[in-house]
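# Structure assessment
Residues per chain are reported as follows:
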Amino acid sequence: MILENPDYLELLEGAIDHEVGHLRWTDRTWTAKSYEKGAFFNAIRNGIEDIRMERMVCLEWPGAILNLSKMVTQGIKKGWFSKPTDSFPPSLLLQAVVVYYGRYKINDQVQLKEFCEIAIALLTDCIGQKPVHDLILLLDTIPALRSNQHSYELTEQIIQLLKKIEFKPGDSQGNDSGDSQGDDSGDSQGDDSGDSQGNDSGGSQGNDSGDSQGNDSGDSQGNDSGDSQGNDSGDSQGNDSGDSQGDDSGDSQGNESGDSQGYDSGDSQGDDSGDSQGQNSSVSQQVINFVNECLNADESQLMADLHEQVNNELEKMADEVRSSNDMGQLIDFNAPLISKNDCGTVGTAALNQAKRLSTPISRELHKIIYGLDRKSVNFSKQGRTVEANRLAGVKAGNFNVFKSERITKAPTMAISVLVDRSSSMSAFEMNGANTSALAINLAIDKLKGVNSECIYFSAGDLYEAKCFKSTTKAVKDNFRVSSRGGTHTGLSLYSVIRRLSLRVEQKKVVFIITDGQASDLKYLEKSIEMSELLGIQIVCIGINTGMLYGFENQELLNIQTVEELPSILKQVIKNKLIA
């Protein structure tokens, strides 16, 4: 049975809480506008909105925290949330940071912690630490968002952040302009003679007087014609004109003319000022390419939509059950329709007897239903009411003498009375069933917080003698039902359970009045399983029968005449069939 599959239930319950949140807190107008902005924009906005909306759901219904977390676990298990790698397309990597950081840091879905940390590290390698830091600061504002419009506007800020990422000429991810590992542009490791930290006299940090960043007018980054970096006319570290420690004229420390420590002319530890920016230019271009790939990404370069993934998986699992050749699955049930009109209301019902019996039946039902009141008594060291019987224990150190009481009111209740009208019911039994159903519904009308309906079943469509909204007195003539057709108890019970599950009352009960000859035992078995899963209780009342087929695990309450109904309901109290 599909409802016994824990994976299916975790996905289903998480999906329900997620979609309920969208229905309540997501304005679809901004979703439509987001689609117009392209696949990447919408993917980022959708990730932010899911995080914002799920947070609202959990604040409203704390129990949803567990359901949504289980849905994420299923998403990891099925690969919808995957571990980031350096092979991720730029758009997918940035989307992963948004989704994983938001779900882990903001919605406490801690199973995504590792994925989040990896994604942030990879993104930092691609675009630098500061842009990632700025992105995280934007994501940290999600808890303050109050609408889908705000999610849309935050996405716009993220897009603007991407477009503003720049590398100035000579920059290389975190180094100052023109510097390479803290060295001044145009300086060689080790200072030139007469300079202060590689600066020429009167110059500013490695710049010759009147030069910009150590470059003489028309020269390339601090190299005078034939000079070594930062040295005045042709001298190199105190050597004779044109000589450099026995090296060729114009060389410095054994380097070729104008070179410093084995680098090409005008280089500073590999960073040429005046070259095509070397590595810096390459890094800058990589960032530009990264941003462009994000902005121009299509759906194939992004995470698949979570909503579609969940829906497709639920349908797939349902299809597998449907094709499993188990015809007893609820998925194959063709629930009977319910009609408010019935041309067969030509039977008999003892209206006066039903009215008379409704009072004792109401009294017994009152005991059942309001017996669900709960009273708890606690004792503490402080309070307003002292329990005199506990004062004697004070000398022994028991200071819990203050008494407090808490009474929990009985829950509201919805009751469906399901009556067998199949041809196996004789005229006498049918009269008893009609009168019993009428008496029970009249009795329920007298109880505050309890609503009822009465449904007759056979092998065809169901007949609604009384709906939840009407009073029994107003429709009493609808209970004159005659017998006909087969006994599809299972399918009929399934229809009633499905209706009850949508009711707002806290407690739901089905009273079944039948002679016990069900003809669809497989469906009956599955319907009973479904009722147990949904917490809907079943009370079986047999009419002149020693056994209710299909209800072997249910306690049989058998009556010979309608007069026995009050005593039968006493037995319901005694055996605690409604708890």
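Quick note: structure is the one above.
The structure reproduced in this document is the subject of the present report. Residue indices begin from 1 for each chain and proceed along its sequence in written order. Restriction of local features to residues with pLDDT of at least 70 applies here, the model being predicted, together with a cutoff of 80 or more for giving and counting side-chain atom pairs; totals for whole chains, interfaces and linings are based on all residues. Side-chain metrics rest on all non-hydrogen atoms present in the structure, leaving aside hydrogens and water.

## Some remarks on the overall build of the protein
Counting from the N terminus, the helices are DSSP H or I runs at least four residues long and the strands are E runs at least two residues long. Counting its regular elements, the protein contains 15 helices and 11 strands. To sort residues, take the accessible area from a 1.4 Å probe on protein chains only and compare it with the maximum for the residue type: under 20% means buried, over 50% means exposed, and anything in between is partly exposed. Across the 579 residues in the protein, those meeting the buried criterion constitute 47%. Areas reported as accessible are Shrake-Rupley estimates using a 1.4 Å probe. Residue values count occlusion only from the protein chains shown. For the protein, the accessible surface area stands at approximately 28700 Å², while carbon and sulfur atoms represent 47% of it.

## Side note on the packing of aromatic side chains
Only rings of Phe, Tyr and Trp enter the pairing, Trp through its six-membered ring, and a pair is recorded when the two centres are within 6.5 Å. The plane angle decides the type: under 30 degrees is stacked, over 60 is edge-to-face, the rest tilted. Under the criterion given, the structure shown has six aromatic pairs. Here the aromatic rings of phenylalanine 81 and tyrosine 100 are separated by 6.2 Å at their centres, their planes lie at 75°, and the arrangement is edge-to-face. Here the residue phenylalanine 81 occupies a position in the loop between helix H4 (64-77) and helix H5 (90-106), and tyrosine 100 occupies one in helix H5, the gap between them amounting to 19 residues. By way of ring pairs, the aromatic residues Trp30, Phe41 and Tyr152 are connected into one cluster. Counting as a charge over the ring demands two things of the Lys NZ or Arg CZ atom: a distance within 6 Å of the ring centre and an angle within 35 degrees of the ring normal. Sitting above the plane of the tryptophan 30 ring, lysine 33 keeps its charged end 4.1 Å from the centroid. When the ring centre of phenylalanine 41 is taken as origin, the NZ or CZ atom of lysine 37, which lies over that ring, is 5.8 Å away.

## Comments concerning the pattern of salt bridges
Definition used for salt bridges: Asp or Glu carboxyl oxygen within 4 Å of a side-chain nitrogen of Lys or Arg. The final tally for this structure, using the stated rule, is 14 salt bridges. A salt bridge links lysine 130 to aspartate 134; its shortest N-O distance comes to 3.0 Å. With lysine 130 and aspartate 134 both in helix H7 (residues 129-139), this residue pair falls four residues apart, about one helical turn. Of the residues examined, lysine 130 reaches a relative accessible area of 59% and is grouped as exposed.

## Describing the environment of isoleucine 536
Mapping isoleucine 536 onto the fold places it in the loop between helix H14 (521-534) and strand S10 (537-543). Exposure remark for isoleucine 536: the relative accessible area of 4% places this residue in the buried category. Each C-alpha atom of the pair isoleucine 536 and serine 501 lies 8.0 Å from the other, and the pair is 35 residues apart in sequence. The criterion used for residue contact is that any of the two residues' heavy atoms lie within 4.5 Å. Residues in contact with isoleucine 536, not counting those within four places in the same chain, are Ile497, Leu500, Ser501, Lys508, Val510 and Ser531.

## What about the nonpolar core?
Phe40, Leu94, Tyr100 and Leu123 are the most contacted members of the largest nonpolar core, which totals 65 residues. It is H5 that contributes the most residues to this core, 11 residues altogether. Discounting chain neighbours no more than four positions away, the residues touching leucine 123 are Leu93, Leu94, Val97, Gly128, Val132, Leu135 and Phe290. Here the nonpolar core consists of buried residues drawn from Ala, Val, Leu, Ile, Met, Phe, Trp, Tyr and Cys, with membership extended through side-chain atoms lying within 4.5 Å.

## So, the side chain of asparagine 148
Checked against the element boundaries, asparagine 148 lands in helix H8 (residues 148-163). A distance of 3.4 Å separates the side chain of asparagine 148 from the side chain of arginine 45, its partner in a polar contact. Once residues lying within four places of it in the same chain are set aside, the contact partners of asparagine 148 are Thr26, Asp27, Trp30, Thr31, Arg45, Glu49 and Arg52. Two N or O atoms form a polar contact when they lie within 3.5 Å of each other; inside protein one atom must be a possible hydrogen donor and the other a possible acceptor, and for residues adjacent in sequence the pair counts only when both atoms belong to side chains.

## Overview of the packing of helix H11 (residues 351-370) against helix H12 (residues 427-444)
Axis angles are defined between N-to-C directions and span 0 to 180 degrees, where every axis is a line fitted to C-alpha atoms and, for a helix, only to the segment in contact. In contact at an axis separation of 7 Å, H11 and H12 are set at 50° when each is read in the N-to-C sense. Judged by the inter-axis angle, H11 sits oblique to H12. Regarding H11 and H12, the two cross each other, and that crossing is right-handed. Judged by residue contacts, Leu351, Gln353, Ala354, Lys355, Leu357, Ser358, Ile361, Ser362 and Leu365 of H11 engage Thr435, Leu438, Ala439, Ile440, Leu442, Ala443 and Ile444 from H12. Asp, Glu, Lys and Arg are counted as charged, while Ala, Val, Leu, Ile, Met, Phe, Trp, Tyr, Cys and Pro are counted as nonpolar; the rest, among them Gly, fall into the polar class. Residue composition of the contact of H11 with H12, grouped by class: 11 nonpolar, four polar and one charged. Throughout this description, any angle smaller than 35 degrees is read as roughly parallel, any larger than 145 degrees as roughly antiparallel, any in the 65 to 115 degree range as roughly perpendicular, and the remainder as oblique. A clockwise turn of the near helix away from the far one marks a right-handed crossing, whereas an anticlockwise turn of less than a right angle marks a left-handed crossing.

## Some thoughts on the pairing of S10
The element S10 is largely enclosed, with a buried count of seven among its seven residues. Residues Gln537, Val539, Ile541 and Ile543 point to one face of S10 and Ile538, Cys540 and Gly542 to the other, with burial holding for every one of them. Of the pairings in the sheet, the one linking strand S9 (residues 507-514) to S10 comprises six bridges and is parallel in character. Counted as the bridge partner of valine 510 is isoleucine 538 from S10. Orient the strands so they point away from the viewer; a crossover is then right-handed if the path from the first strand over the helix to the second runs clockwise. Running through H14, the crossover from S9 to the neighbouring parallel element S10 is right-handed. We call two strands paired when DSSP finds no fewer than two bridges between them. Two elements, S10 and strand S11 (residues 556-559), share four bridges in a ladder whose sense is parallel. When the bridges of S11 are listed, isoleucine 543 appears paired with isoleucine 559.

## So, the side chain of serine 458
Within the secondary structure layout, serine 458 lies in the loop between strand S7 (450-457) and strand S8 (462-466). Residues within four places of serine 458 in sequence aside, it is in contact with Arg421, Ser422, Arg484, Gly485, Gly486, Thr487, His488 and Ser492.

## A closer look at helix H6 (residues 113-127)
Taking 1.5 Å of rise per residue, 15 residues should cover 21 Å, and H6 covers 21 Å from first to last C-alpha, within 8% of that figure. Of all the residues in H6, the buried ones are Phe115, Cys116, Ala119, Leu122, Leu123 and Ile127. Projected onto a plane normal to the axis of H6, the buried residues spread over an arc of 140° and lie on a single side. Of the residues flanking the end of H6, it is glycine 128, one or two places downstream, whose phi is positive at about 100°. In this analysis, the expected span of each helix is defined as 1.5 Å times one less than the number of residues it contains. The directions from the helix axis to the C-beta atoms form the arc being described.

## Quick notes on the packing of helix H2 (residues 28-36) against helix H3 (residues 39-60)
Taken N-terminus to C-terminus, the directions of H2 and H3 make an angle of 145°; their axes are 7 Å apart at the nearest point. Contact with H2, carried on its side by Thr31, Ser34 and Tyr35, involves Phe41, Asn42 and Arg45 of H3 and no other residues of that element. Of the residues in the contact of H2 with H3, the class split is two nonpolar, three polar and one charged.

## Concerning the layout of surface pockets
Here the term cavity refers to a set of points on a 1 Å grid, laid over the protein atoms alone, in which a 1.4 Å probe fits but cannot get out; the term pocket refers to an open set having protein on both sides within 12 Å along at least five of seven lines, with lining residues being those that place an atom within 4 Å of a point. Grid points are joined across faces, edges and corners, and a volume is the space filled by probe spheres set on the points. Of the voids in this model, the largest pocket is the one considered here, and its volume is about 600 Å³. Along the walls of the largest pocket sit 30 residues, with Tyr35, Asn42, Asn46, Asp305 and Leu306 positioned nearest its centre. Elements with a contribution of two residues or more to the lining of the largest pocket: helix H1 (6-25), H2, H3, H5 and helix H10 (306-322). Ranked by residue count, the leading element in the lining of the largest pocket is H3, at nine residues. Broken down by class, the residue content of the lining of the largest pocket amounts to 11 nonpolar, 10 polar and nine charged.

## What to know about empty space enclosed by the protein
What the rule picks out here adds up to four cavities of 30 Å³ or more. Roughly 50 Å³ of internal volume is contained in the second largest cavity. For the second largest cavity, the full set of lining residues is Ala15, His18, Glu19, Met71, Leu306, His307, Val310 and Asn311. Taken together, the elements giving at least two residues each to the lining of the second largest cavity come down to H1 and H10. Considering every element that reaches the lining of the second largest cavity, the biggest residue donor is H10, with four residues. Of the residues contributing to the lining of the second largest cavity, the split by class is four nonpolar, three polar and one charged.

## Some thoughts on the sheet that holds S10
As summarised here, the arrangement of the seven strands in space is S3-S8-S7-S6-S9-S10-S11, forming an open sheet in which the pairing is mixed. If you trace the sheet from one side to the other, it starts and ends with strand S3 (338-339) and S11, each paired once. Pairing between S7 and S8: three bridges, direction antiparallel. The residue of S8 that forms the bridge with tyrosine 456 is tyrosine 463.

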